[in-house]
Amino acid sequence: MKTLTHTYSKFTLCIILCSLFCVAFSCKKNPATQAPTNVDFTLDLTSADNAGLKNNGGYEIKNNILIIRYDNGPNKRFYAVQANCTYGQCLLMYDASNMVIQCPCHGCLFDVLTGTATQPPATVPLGVYLTTLTVNSLRIHSA
Ligand code: FES
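Residues numbered from 1 in each chain as written. Predicted model: local features only at pLDDT ≥ 70, side-chain atom pairs only at ≥ 80, totals over all residues.

Student: I tried to follow the overall build of the chain on my own but got confused; where do I start?
Tutor: From N to C terminus, the chain includes one helix and ten strands. Taken from the N to the C terminus, the helices and strands of the chain come in the order α-β-β-β-β-β-β-β-β-β-β. The burial tally for the chain puts 24% of its 143 residues in the buried class. If you take every contact in the chain between residues at least 6 apart in sequence, the share linking residues at least 24 apart comes to 40%. (Helix = DSSP H or I, 4+ residues; strand = E, 2+ residues; numbered from the N terminus. Buried ≥ 20, exposed ≤ 12 C-beta atoms within 10 Å, placed from the backbone. Contact = placed C-beta atoms within 7 Å.)

If you want it as structure tokens, here you go:
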């Protein structure tokens with residue numbers, strides 16, 4: 001009987017500690033999952049630092065923004081979204097063969113064009129940014 005009471009107390013203590021942990025950490029919005037604001041920077045596409053954007057299907061992460069080259073036929077097109085998953089805080093990557101943004105941590109997927117979460121566990125869309133290409137300068141900026 002004494003052992004049963006002891007076990008019950010351990011279980012109760014565990015429930016209380018887990019609940020406190022949830023309140024303290026899990027239930028708050030993780031700042032790392034929030035989209036950067038007031039974004040405005042320019043990349044030189046001829047620089048070796050931006051080699052990931054040289055070819056269609058490539059990508060780079062700069063200033064917490066995931067920049068993807070997603071051409072439409074002969075026209076160069078670039079899309080920019082926040083680089084961190086909205087579910088956790090893992091860095092996202094672009095899967096060019098399936099044309100989706102994916103999170104390597106729990107497998108969620110996002111639409112390249114809109115940032116919409118298309119496969120759970122993430123449900124919150126990615127922050128998206130405008131891109132403006134002028135010859136070899138690519139500006140990434142907030143709306
Ligand atoms: S952190 Fe992205 S799916 Fe888990």
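Student: Whenever I open this one, the sheet that holds strand 5 (residues 93-95) confuses me. Can you help?
Tutor: Backbone hydrogen bonds are what pair the strands of a sheet, in a parallel or an antiparallel way. In spatial order, the strands read 5-6-7-8; together these four strands make up an open sheet with antiparallel pairing. Sheet topology places strand 5 and strand 8 (117-119) at the edges, where each strand pairs with a single neighbour. For this sheet, the mean angle separating the axes of adjacent strands, direction not counted, is 40 degrees. (Pairing = 2+ DSSP bridges. Axes fitted to C-alpha atoms, helices over the stretch in contact; angles between N-to-C directions.)

Student: Can you help me understand the confidence of the model for the chain in this one?
Tutor: Any residue range with low pLDDT should be treated as having predicted coordinates unsuitable for detailed reading. Confidence in the prediction of the chain, expressed as mean pLDDT, is 84, and 78% of residues score 70 or more. Confidence drops under a pLDDT of 50 for residues 11-29, and excluding neighbours within four residues, the segment shows two contacts in the predicted structure. (pLDDT = per-residue confidence, 0-100.)

Student: Teacher, can you tell me more about the nonpolar core here?
Tutor: Among soluble globular proteins, nonpolar side chains are generally buried collectively. In terms of nonpolar packing, the biggest core is built from 28 residues, with Ile65, Leu66, Ile67, Ile68, Ala80, Val81 and Ile101 touching the most fellow members. Going through the elements one at a time, strand 3 (65-69), strand 4 (78-82), strand 9 (128-134) and strand 10 (137-141) are the ones with two or more residues in this core. Apart from the residues lying within four places of it in its own chain, the contact partners of Val81 are Leu66, Ile101, Gly115, Leu126, Gly127 and Val128. (Core = buried A, V, L, I, M, F, W, Y, C linked by C-beta atoms within 7 Å.)

Student: Sorry, what's going on with the sheet that holds strand 10 here?
Tutor: Spatially, six strands are ordered 1-10-9-4-3-2 in an open sheet, and the strand pairing comes out antiparallel. On the outer flanks of this sheet lie strand 1 (40-44) and strand 2 (59-62), each paired with one strand and no other. Shown here is a sheet whose adjacent strand axes are inclined to one another by a mean of 25 degrees, direction ignored.

Student: Could you clarify how one ought to interpret the pairing of strand 10 in this entry?
Tutor: A regular strand carries its side chains on alternate faces of the sheet. In strand 10, alternate side chains face the same way, and those of Leu138 and Ile140 are buried while those of Ser137, Arg139 and His141 on the opposite face are not. Relative to strand 10, strand 1 runs antiparallel, the two being bridged by five bridges. In the sheet register, Asp44 faces strand 10, and the bridge partner there is Ser137. Where strand 9 hands over to strand 10, the hairpin turn is made up of two residues, of which Val135 adopts a positive phi near 55 degrees.

Student: Can you help me understand the pairing of strand 2 in this one?
Tutor: Summarising the sheet, strand 2 and strand 3 pair through four bridges and their orientation is antiparallel. Directly across from Tyr59, in strand 3, lies its bridge partner Ile68. The antiparallel hairpin formed by strand 2 and strand 3 contains two residues in its connecting segment, where Asn63 sits at a positive phi of about 50 degrees.

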